[in-house]
Amino acid sequence: CRWLPSKGPVRTETEPKKIQSHKWHVLIVLGAWLLVYGGHMAIWTYQERIGVALGVDRMLIGQVLGFTTIAGVLGAALAVIIGTRIGRVVPQVLALGVSVFAALLLVTAENLFVYAVASNLIMLSWYFGVPYLYALIAWLDPSGRVAALAATAFSIGAIFGPILAALTVQNDQFVRVGWLGAIFYAACLIIIMPVALAARQSDRKATSVEQ
């Protein structure tokens, strides 16, 4: 329990909350949630089938995907350890950039080792990146209303991601699923940048005021 992070310092805002209350930023964040979960679920829906197409035993596939949970735990722990030491922009680039790479690596894998590496990278980047998306939500709206809307957004993404993936699959070829996921991740990275940059600017202003 003593390793758990303590409550952060309470900041008294000295500037009008113009950035935090910007409705376009809220819409962008909700769109980012829809995209990232659309990409995740599009890939996750076919992740087992991709392994089968490689000729891997189903039991072994289950073990590989089960052990990726450890990578997810490590990703989340890494986010806790790093926090905002590297700002708010770099974590988004790392998480979504690795997700793009892993999605394409997964569908082009030619053996079990590459398949396992890609699967672990997907889970690692997923659980590393999600806390930073939640952090942007908290920065935009500490009341929690946007967080509630985000649950709706990622549920919609989780519905449409697999549907679109199913429409792209042809003759048990899953490369298009990887590209679909990669496009979703890349689009999420592009649209989330203005919010991450605004949050970084706000953090710097708050730090300069405290000093």
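The structure this text deals with has already been given above.
Only a predicted model underlies this, so the values are computations on that prediction, with no experimental measurement involved.

## With respect to the overall build of the chain
Inference 1: Secondary structure assignment for the chain yields 6 helices and 0 strands.
Inference 2: The buried share of the chain, reckoned over its 211 residues, is 40%.
Inference 3: Taking contacts inside the chain between residues at least 6 apart in sequence as the whole, the part at least 24 apart equals 83%.

## Things to note about the packing of aromatic side chains
Inference 1: Taken as a whole and judged by the stated rule, the model has 8 aromatic pairs.
Inference 2: Ring geometry for Trp126 against Tyr127: centres 5.7 Å apart, planes inclined by 25°, an arrangement best described as stacked.
Inference 3: Pairwise contacts between aromatic rings join Trp33, Tyr37, Trp126, Tyr127, Tyr134 and Phe154 into one cluster.

## Examining the packing of helix 1 (residues 23-53) against helix 4 (residues 112-140)
Inference 1: At their nearest, the axes of helix 1 and helix 4 sit 11 Å apart, and the two run at 160° to each other. The pairing of helix 1 with helix 4 is recorded here as roughly antiparallel in orientation. Helix-helix and strand crossings are classified by hand; for helix 1 and helix 4 the assignment is left-handed.

## Looking at the packing of helix 1 against helix 5 (residues 145-168)
Inference 1: Helix 5 packs onto helix 1 with a crossing angle of 40° between their chain directions and a minimal axis gap of 6 Å. By the criterion of interaxial angle, the relationship of helix 1 to helix 5 is oblique. The two elements helix 1 and helix 5 meet at a crossing, and its hand is right-handed. Two secondary-structure elements touch here, helix 1 through Val26, Leu30, Trp33, Leu34, Tyr37, Gly38, Met41, Ala42, Thr45 and Tyr46 and helix 5 through Val146, Leu149, Ala150, Ala153, Phe154, Ile156, Gly157, Ala158, Gly161, Pro162, Ala165 and Ala166.

## Focus: the side chain of Arg88
Inference 1: Within the element layout of this structure, Arg88 appears in the loop between helix 2 (58-82) and helix 3 (89-107).
Inference 2: Residues in contact with Arg88, not counting those within four places in the same chain, are Ala135, Leu136, Trp139, Ala196, Ala199, Arg200 and Asp203.

## Comments concerning the environment of Gly75
Inference 1: You can see Gly75 is positioned in helix 2.
Inference 2: Each C-alpha atom of the pair Gly75 and Ala95 lies 9.4 Å from the other, and the pair is 20 residues apart in sequence.
Inference 3: Beyond its immediate stretch of four places on either side in the chain, Gly75 contacts Leu124, Tyr127 and Phe128.

## Thoughts on helix 2
Inference 1: Under the 1.5 Å per step criterion, the end-to-end length of helix 2 is 36 Å for 25 residues, consistent within 8% with the ideal 36 Å.
Inference 2: For helix 2, the complete set of buried residues consists of Ile61, Val64, Leu65, Thr68, Ala71, Gly72, Gly75 and Ala79.
Inference 3: Those residues of helix 2 hidden inside the fold are in contact with helix 1 and helix 4.
Inference 4: At the N-terminal boundary of helix 2, the capping side chain belongs to Asp57, with an oxygen 3.0 Å from the backbone nitrogen of Met59.
Inference 5: At the exit of helix 2 stands Gly83, carrying a positive phi of roughly 60°.

Parameters at a glance
- Residues numbered from 1 in each chain as written.
- Predicted model: local features only at pLDDT ≥ 70, side-chain atom pairs only at ≥ 80, totals over all residues.
- Heavy atoms only, no water.
- Helix = DSSP H or I, 4+ residues; strand = E, 2+ residues; numbered from the N terminus.
- Buried < 20%, exposed > 50% of the residue type's maximum accessible area, 1.4 Å probe, protein only.
- Contact = heavy atoms within 4.5 Å.
- Phe/Tyr/Trp six-rings, centres within 6.5 Å; stacked < 30°, edge-to-face > 60°.
- Axes fitted to C-alpha atoms, helices over the stretch in contact; angles between N-to-C directions.
- Parallel < 35°, antiparallel > 145°, perpendicular 65-115°, else oblique.
- Left-handed = near helix turned anticlockwise from the far one by under 90°.
- Expected span 1.5 Å × (residues − 1).
- Polar contact = N/O pair within 3.5 Å; in protein donor to acceptor, adjacent residues only side chain to side chain.

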